[in-house]
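Here is what each chain is made of, one letter per residue.
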Amino acid sequence: RLGLRKPFLDPADFVRSRKMVAGDSTLAMLQGLSVLELCLVVAMKHLVDISGGGTFNFEMVYNEYKKFTQRSHSVEFFSKPVALKAFEHLVSLEFVGPADSGSSGRSLKEYQSMVLNVDEELVSTAVQLYPSCPTEVARWGTSRGMA
């Protein structure tokens, strides 16, 4: 926002602009996920909320997703191998990544310690804007700290 009072850009303007562009592209990518992948991201968000920003693994995410689908009447439940494939796709998109770069080959992928690379508020926004998002997923995605 340039004007008479501020005729030049400063470094903070570039940082703010970069965050807006990065957030928009991540939001667009989140909106392109399948409902299963979106549910897994929401499960990760809840695990991060519960643990106060800690790590998780696929088994924890799958258990959170499973608890949600057992309460839900409109969300299809997928088997563990299908969910693991969706989780691996989220890793390839870099929405989730290893908590410790040195531990990547030492444990089974289902138990590898991971971190969510997407801001929790961005996940909530993506769920709200997701086209034809099931109502229960939308509620779950915008709630905090509980499965």
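Structural data are supplied above this passage.
These figures come from a predicted structure and were not determined experimentally.

**Some words on the environment of E110**
And then number 1: Positionally, E110 belongs in the loop between β1 (96–98) and β2 (114–116).
And then number 2: Taking the C-alpha atoms as reference, E110 lies 7.8 Å from L84; in sequence the two are 26 residues apart.
And then number 3: For E110, the residues in contact, after removing those within four places along its chain, are N57, F58, E59 and L84.

**What to know about the packing of helix α5 (residues 120–129) against helix α6 (residues 135–142)**
And then number 1: Two elements in contact, α5 and α6, have axes separated by 8 Å at closest approach and are oriented at 160 degrees. Classified by the angle their axes make, α5 and α6 are roughly antiparallel. As for the relative orientation of α5 and α6, their crossing is left-handed in sense. Where α5 approaches α6, its residues S124, V127 and Q128 are matched on the opposing element by V137, A138, G141 and T142.
And then number 2: Here the contact of α5 with α6 is composed, by residue class, of 3 nonpolar, 4 polar and no charged.

**Some thoughts on the packing of aromatic side chains**
The description of an aromatic ring pair rests on the distance of the ring centres and on the angle between the ring planes.
And then number 1: Tallying each qualifying case throughout the model produces 6 aromatic pairs.
And then number 2: A connected cluster of aromatic rings, assembled from ring pairs, spans F58, Y62, Y65, F77 and F87.

**Thoughts on the side chain of D13**
And then number 1: Here D13 is to be found in helix α1 (residues 11–31).
And then number 2: Classification of D13 by relative accessible area gives buried; the value is 11%.
And then number 3: Residues within four places of D13 in sequence aside, it is in contact with K6 and F8.

**Side note on the packing of helix α2 (residues 35–51) against helix α3 (residues 58–71)**
And then number 1: Contact geometry for α2 and α3: axes closest at 9 Å, N-to-C directions at 110 degrees. Taken together, the axes of α2 and α3 are roughly perpendicular relative to one another. Within the contact between the two elements, α2 uses L36, C39, L40, A43, M44, H46, L47 and I50 and α3 uses M60, V61, E64, Y65 and F68.
And then number 2: Split by residue class, the contact of α2 with α3 holds 11 nonpolar, 1 polar and 1 charged.

**Side note on the side chain of E136**
And then number 1: Looking at the secondary structure, you find E136 in helix α6.
And then number 2: Within polar-contact distance, the side chain of E136 engages the backbone nitrogen of H73 at 3.0 Å.
And then number 3: Apart from residues lying up to four places away in sequence, E136 is in contact with F68, R71, S72, H73, S74 and V75.

**Notes on unusual backbone geometry**
And then number 1: Of note, E94 is a non-glycine position whose phi angle comes to about 65 degrees, a positive value.
And then number 2: In this fold, E94 is placed in the loop between α4 (80–92) and β1.
And then number 3: Classification of E94 as exposed rests on a relative accessible area of 60%.
And then number 4: With a phi close to 55 degrees, S132 is a non-glycine residue in the positive phi region.
And then number 5: Within the secondary structure layout, S132 lies in the loop between α5 and α6.

Basis of the calculations
- Residues numbered from 1 in each chain as written.
- Predicted model: local features only at pLDDT ≥ 70, side-chain atom pairs only at ≥ 80, totals over all residues.
- Heavy atoms only, no water.
- Helix = DSSP H or I, 4+ residues; strand = E, 2+ residues; numbered from the N terminus.
- Contact = heavy atoms within 4.5 Å.
- Axes fitted to C-alpha atoms, helices over the stretch in contact; angles between N-to-C directions.
- Parallel < 35°, antiparallel > 145°, perpendicular 65-115°, else oblique.
- Left-handed = near helix turned anticlockwise from the far one by under 90°.
- Nonpolar A, V, L, I, M, F, W, Y, C, P; charged D, E, K, R; others polar.
- Phe/Tyr/Trp six-rings, centres within 6.5 Å; stacked < 30°, edge-to-face > 60°.
- Buried < 20%, exposed > 50% of the residue type's maximum accessible area, 1.4 Å probe, protein only.
- Polar contact = N/O pair within 3.5 Å; in protein donor to acceptor, adjacent residues only side chain to side chain.

Remember, this is a structural readout, not a statement about activity or role.
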